[in-house]
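Secondary and tertiary structure notes
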Amino acid sequence: MASYASFDATEPAERVEPPGPPQSGWSWRSVCSLAALVAVVETLALSYPLVPMAEPAIAAHFHTTSTGWVMMSFLIVGAATAPVAGRLADLHGKRRILLSCLGISAAGALISALAPSIGVLLAGRCLFGLLVPCLFLSYSLARDVFPPKTVALAVSIVTAAVGLAAIPAPYLTERLLDDHGYRTVFGFLCVATAASAVAVALTTRESTVRLPVRVGVRGAVLAGAGLAAALVGVSQGPAWGWAAPATLAWLGGGAALLVAWRVTAARTGDALLDIRLWRGRAVLCTAIAAGCVYAATGLYSIVLPMLIRTPAMLGLGYGFGVTPTGVAEYLVPIGLLSVVGGIAVGVLEGRGLLRPRWLLALGMLSTAIGSVLTAYSHDDKDLLLLFAGLVGLGTGLAYAATPNLLIAAVPPDVQASTAALVSVSQTVVPAIGPIIAFSVMNGSHIAELPPFIVRMLNGAIVYTERGLQIGFLIAAAIAAVGLLFALLVPRTIEQASIDAAAPDRGLPRAAN
């Protein structure tokens, strides 16, 4: 392995080869460590459905219409801090930064649970946004500390376990909200986050892999603020209007900050994000494909409950009229088969039977097929469960293939920071998918219902059958784009090399 040069040109540093993880297979400690990392990911996954379901209660309690920011503040901070968390993890240790993020997130959830005002609640949600980087920190840590023979399976299980959260979420939310109110949702997330941190601290050792670099404060501020501003503009564009001055200001300001960061990074050698890694097809195409599968699955998981909760008596050609908790029955195939897909990736990749590139492509294909079939055949419960299972299987395959591709594409030293870049794609692209879909659906596909029916539905928007078809087809189209980029990943991936003698001061050069 070639040595690294520090990104600070005045203080070159030699990379010391650390001792590797144990060469043996599974042990009780590694099993417990895997369970702890899965608990971290499950807490993050549960937060996505739990908090939006609590927003009506939050709005009623604080007499506010700004509850959309309850979720957006979490996502914006998560996307903005991911690059910093990734670089700090490469510098100071992945376990240390993971535990720090979990601790801050638990404190944020506690603040939200006890908040006397909506402003304080949003401040807590911003702190809780530090849970977003914990996904890639978890599988990056697993890559370093698990025995080599178990890495592929461990990483696959950690990432694919995200889908399991869809199963208990409706039951858990109903129990928490109906019995104790919205504050217990944040209280539950606080306890779950803190318990996950304790589990990781007790079972998982620290990675010995380090990258001797400095993290430029200027770069962190410019990149973080640019990502945050751009995400605000994207998320609020439909509400404000895409041509509204506020939307253009946020989007333009975000773009300007990112350009300023890029120029500054090129001049100073700022080590926050290794843009040179993106010159290789392996990392770039993996990141885009990963964002697409998150977007496709996220959109499918939004539209599917709308389909099955709509009463059949409305005569719209679809609907089963199930309760919110009844939705879980239709989400079970997604959660269970996502885990099956993840385990399949771990087994096939670990034994060298099928490369992650093809597993990623198969995942995209399965997600696209499941979405298309749902669009055109959604009046039979059993078939609908089958189609949802195809989406779940594709989700698990693609989720688990992503980190395995990154492990092959970049050295351990920059694993966390590269995964952070992919995490940004997995946050931003899914935010754009629903915006596109509902912009089309709201344009001319809202069902016209008698006033008394609208009152019965408490003013909820109901779409025509064609409108829901479009929603599922857009999910399929996003998955198809992901399939294209999965196929563009090089068949043979040469790990990015670092050469201390290179004129670019040791920055990674990714192979095409």
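Residues numbered from 1 in each chain as written. Predicted model: local features only at pLDDT ≥ 70, side-chain atom pairs only at ≥ 80, totals over all residues. Heavy atoms only, no water.

**Some thoughts on the overall build of the protein chain**
Defined as follows: In DSSP terms, a helix is any run of H or I states spanning at least four residues, a strand is any run of E spanning at least two, and both are numbered starting from the N terminus. The buried label goes to any residue with under 20% of its type's maximum accessible area, the exposed label to any with over 50%, and the partly exposed label to all in between, with areas taken from a 1.4 Å probe on protein chains only. Residue contacts follow a heavy-atom distance rule, with two residues in contact if any of their heavy atoms lie within 4.5 Å.
The helix and strand inventory of the protein chain stands at 17 helices and zero strands. Within the protein chain, buried positions represent 55% of all 512 residues. Across the protein chain, the fraction of contacts at a sequence separation of at least 24, relative to all contacts at a separation of at least 6, is 80%.

**Some thoughts on the nonpolar core**
To keep things clear, this is the line we draw: The criterion is simple. A nonpolar core is a set of buried Ala, Val, Leu, Ile, Met, Phe, Trp, Tyr and Cys residues joined through side-chain atoms within 4.5 Å.
L98 and L304 are the most contacted members of the largest nonpolar core, which totals 131 residues. With 15 residues, the single largest contributor to this core is helix α11 (residues 281–309). Discounting residues that sit within four places of it in the chain, L304 has contacts with Y330, L331, I334, L384, A388 and F472.

**Considerations on the packing of aromatic side chains**
Defined as follows: Within 6.5 Å between ring centres, the rings of Phe, Tyr and Trp (the latter by its six-membered ring) count as paired, and their orientation is classed by plane angle as stacked under 30 degrees, edge-to-face over 60, tilted in between. Two conditions define a charge sitting above a ring: the NZ of Lys or the CZ of Arg must be within 6 Å of the ring centre, and it must be within 35 degrees of the ring normal.
Under the criterion given, the structure shown has eight aromatic pairs. Here the aromatic rings of F62 and Y182 are separated by 6.1 Å at their centres, their planes lie at 65°, and the arrangement is edge-to-face. With a gap of 120 residues between them, F62 in helix α1 (residues 28–62) and Y182 in the loop between α7 (169–180) and α8 (183–203) connect regions that are remote in the sequence. Y182 shares its class with F62; the two are buried. Measuring from ring centre to ring centre gives 6.1 Å for F438 and Y463, while their planes differ by 50°; the resulting arrangement is tilted. One end of the pair, F438, is in helix α15 (residues 415–444); the other, Y463, is in the loop between α16 (451–456) and α17 (465–488), with 25 residues separating them in the sequence. Assessed through its relative accessible area of 17%, F438 is described here as buried. An aromatic cluster of three or more residues is present, and its members are Y48, F74 and F128. Sitting over the face of the ring of W358, R357 holds its NZ or CZ atom 4.5 Å from the ring centroid.

**Quick word on a nonpolar patch on the surface**
For the record, the criterion: Like-charged residues are merged into a patch within 9 Å and nonpolar side chains (Val, Leu, Ile, Met, Phe, Trp, Tyr) within 5 Å, provided each residue has over 30% relative accessible area and no salt bridge. Every accessible area reported is derived by Shrake-Rupley at a probe size of 1.4 Å, with residue values counting cover from the shown protein chains alone. Basic side-chain nitrogens of Lys or Arg form a salt bridge, by our definition, when they fall within 4 Å of a carboxyl oxygen of Asp or Glu.
A cluster of nonpolar residues, L353, L354, W358, L362, L365, I369, L373 and L487, forms a patch on the protein surface that exposes about 670 Å² of accessible area. The element best represented in the nonpolar patch is helix α13 (residues 356–376), accounting for five residues. Mapping L354 onto the fold places it in the loop between α12 (327–350) and α13. A relative accessible area of 30% means that L354 is categorised as partly exposed.

**Overview of the packing of α12 against helix α14 (residues 381–409)**
Rule in force here: Working convention: axes come from line fits to C-alpha atoms, limited for helices to the stretch in contact. Angles between N-to-C directions cover 0 to 180 degrees. Crossing handedness follows the turn of the near helix against the far one: under a right angle anticlockwise gives a left-handed crossing, and clockwise gives a right-handed one. Only Asp, Glu, Lys and Arg are considered charged, only Ala, Val, Leu, Ile, Met, Phe, Trp, Tyr, Cys and Pro nonpolar, and every remaining residue, Gly among them, polar.
Where α12 meets α14, the axes come as close as 6 Å, and the angle between the chain directions of the two elements is 35°. Judged by the sense of rotation from one axis to the other, the crossing of α12 with α14 is right-handed. For the pair α12 and α14, contact is made by E329, Y330, P333, I334, L337, S338, G341, G342, A344, V345 and E349 and by K381, L384, L385, A388, G389, G392, L393, G396, L397, A400, A401 and N404, respectively. A per-class count over the contact of α12 with α14 returns 13 nonpolar, seven polar and three charged.

**Quick notes on the side chain of T367**
With respect to the helices, strands and loops of the structure, T367 is situated in helix α13. Here T367 falls in the buried class, since its relative accessible area comes to 0%. The residues touching T367, leaving out its near neighbours within four places in the chain, are V293, A296, T297, L390, V391, G394, T395 and A479.

**Some details on the environment of V40**
Mapped onto the elements, V40 comes out in helix α1. Residue class for V40 comes out buried when judged on its relative accessible area of 1%. The spatial distance from the C-alpha of V40 to the C-alpha of L102 is 8.4 Å, given a sequence separation of 62 residues. If sequence neighbours within four positions are ignored, V40 has contacts with L98, L102, C134, S138, S196 and V200.

**Overview of the environment of A225**
Checked against the element boundaries, A225 lands in helix α9 (residues 217–240). Separated by 149 residues in the primary sequence, A225 and I76 place their C-alpha atoms 9.6 Å from one another.

**Notes on the packing of helix α2 (residues 68–92) against helix α3 (residues 94–114)**
Rule in force here: For this classification, under 35 degrees means roughly parallel, over 145 means roughly antiparallel, 65 to 115 means roughly perpendicular, and everything else is oblique.
Following both chains from N to C, one finds α2 and α3 inclined at 135°, their axes separated by 7 Å at the closest point. Taken together, the axes of α2 and α3 lie oblique to each other. Here A85, L88, A89, D90 and H92 of α2 come into contact with α3, specifically with K94, R96, I97 and C101.

**Some remarks on the pattern of salt bridges**
Within the structure shown, the criterion is met by five salt bridges. Its salt-bridge partner being D90, residue K94 comes within 3.9 Å of it at the nearest N-O pair. Comparing K94 with D90 shows no difference in burial state: the two are buried. For the salt bridge of D144 with K94, the shortest nitrogen-to-oxygen distance reads 2.7 Å. Here K94 lies in helix α3 and D144 lies in helix α5 (residues 134–145), a separation of 50 residues in the sequence. Pair check on accessibility: D144 and K94 agree, each one buried. Sharing partners across several salt bridges, the network here consists of R87, D90, K94, R143 and D144.

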